[in-house]
Amino acid sequence: MAAFLEKDWQTIRATIRERTRFMFNNDLISDVKFTVQGSDGSTKEIPAHKFVLSISSPVFYAMFYGPMADASDTIALSDCEYEGLSELFRFMYSDEVNLSRSCVVQVLYLAEKYILPSLVSECLKYLREIVDESNALCILAHASRYSEQNKDLVKRCWEVIDEHTEQAIQSEEFVKIDRSILEALVDRDSLNIQEINLFEAVNKWAEYQCELKGLVADGCVKRSVIGEKVVTKIRFPVMKKLEFASVVLDSNILLPHEAFDLTRYYCLASQSPRGFLSTKRIGGLKHCQMFDSVINFGWAHYDEMKCTVYLRVDKAIKVHGIRLFGSDGEQQNVTLEVLNSSGNVVMAHKKGTIASVQLQFKSTHFYGSDVLFEQPADLVQETVYCLKVSFSGSILWHGEDMLQSVQCSGVTFRFSADEKMKKSALQKEFPEILFTLK
């Protein structure tokens, strides 16, 4: 239906943007209509204007004015719903979009299809804000297409998947992911999941893919659908014998010689079968936050800054590194060490140049870097250790209100600073310890 028309409606809208916004979803001088399905299954209609669509999208331009132009005044679209197409058109008419969890992925799909890069950017920005364990795999599939421009979003998706692997693979999206993402998933040492649960998820993915392709989901077919890269990255030797016998063998995914070698390994405690890793995954890195909040204090550059923090925990952990604040597009030269309390034994050491990327502290986004050891430092409970950091580079953020005691993932951390360094600027530039449980 056409909107109610005020007299001389053009003259009371001062800009072309206001006037085209007024034409959005308006029958007035519309020369094309799109029919789509509503969320309730009904058919809905959206009026549009070929000129407006064509100056926004090269695809619509080719559709309406190209050599193979479609002269129809009604176009049915079966690959989207009313909400998604409506928001696409809203953006084309007004440079505005109302994104929501329910429509953002579809709007992103349409923005890609009709080549609207500015809307793609808006969708990816929104996805960075909402990524969680229920949608991380779905968002990753889209973000991976823009990995060069959106490394931070890809990284954030993997961080969520690492930390909440069980929940991520139980989401509805898991069975729909591409095999390339499945390959990348099972290859990660940082997944936080029991290996038998990961295998069951992979088997479920294979059964779903077989159903999609009309294949009988027997062992050989599932093996072919899964692919060798996935099968060989499953860490069968770390499973319990009963899990392996009752779940893995029954799936018939393993080849006869693999099943035989693994059965002998479980029964005779023989050498781990070749071709399969026998080390447990370390699980997603835990982040112990040393400050109550983070603030942007403005750009500063340091030729060399040093600090020492003393650390004690009430449970054994592995320290994998720290998180350091930085600056967009900058690199930092960092040296990090973990020493015993006397300072005469280096337990872990890292030295190198690390680029800053977008990270997150609670609800705040900032630029910084994760400084990770090649091999983590093993810390035992109720023992004092020394973390020494030195770096050169630019920073924009620092932590506020350093905490003396923090409980994180069931571990209590207690911190104290070197008396000589309590006023050091770097004391505020080293906000998190990255660790896993032993």
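Here the structure is shown first, and the text comes after it.
Just so it is clear, the model here is predicted, and its values are computed rather than measured.

## Side note on the nonpolar core
Okay, step 1: In terms of nonpolar packing, the biggest core is built from 87 residues, with Phe34, Leu85, Phe89 and Phe174 touching the most fellow members.
Okay, step 2: Discounting chain neighbours no more than four positions away, the residues touching Phe34 are Lys44, Glu45, Ile46, Ala48, Leu53, Phe60, Phe64, Ile75, Leu77, Leu85 and Phe89.
Okay, step 3: Among the nonpolar cores identified, the runner-up in size contains 36 residues, and Leu324, Leu379, Ile395 and Cys408 belong to it.

## Let's talk about the pattern of salt bridges
Okay, step 1: Enumeration according to the criterion identifies 26 salt bridges in this entry.
Okay, step 2: One salt bridge connects Arg323 with Glu432, and the closest N-O pair in it is separated by 3.8 Å. In this pair, Arg323 sits in strand E6 (residues 317-325) while Glu432 sits in strand E14 (residues 432-437), placing the two residues 109 residues apart along the sequence.
Okay, step 3: Looking at Arg323, the relative accessible area reads 2%, which means it is buried.

## Observations regarding the side chain of Thr165
Okay, step 1: Position of Thr165 among the secondary structure elements: in helix H9 (residues 165-169).
Okay, step 2: You can call Thr165 buried: its relative accessible area is 0%.
Okay, step 3: A distance of 2.6 Å separates a polar side-chain atom of Thr165 from the backbone oxygen of Ile161.
Okay, step 4: Other than its neighbours up to four places away in sequence, Thr165 contacts Leu191, Asn192 and Ile193.

## Details of the pairing of strand E2 (residues 43-48)
Looking down a regular strand, the side chains alternate between one sheet face and the other.
Okay, step 1: Relative to E2, strand E1 (residues 32-37) runs antiparallel, the two sharing 6 bridges. Bridge pairing in E2 places Lys33 opposite Pro47.
Okay, step 2: Where E1 hands over to E2, the hairpin turn is made up of 5 residues, of which Gly41 adopts a positive phi near 90°.

How each quantity is defined
- Residues numbered from 1 in each chain as written.
- Predicted model: local features only at pLDDT ≥ 70, side-chain atom pairs only at ≥ 80, totals over all residues.
- Heavy atoms only, no water.
- Core = buried A, V, L, I, M, F, W, Y, C linked by side-chain atoms within 4.5 Å.
- Buried < 20%, exposed > 50% of the residue type's maximum accessible area, 1.4 Å probe, protein only.
- Contact = heavy atoms within 4.5 Å.
- Salt bridge = Lys/Arg side-chain N within 4 Å of Asp/Glu carboxyl O.
- Helix = DSSP H or I, 4+ residues; strand = E, 2+ residues; numbered from the N terminus.
- Polar contact = N/O pair within 3.5 Å; in protein donor to acceptor, adjacent residues only side chain to side chain.
- Pairing = 2+ DSSP bridges.

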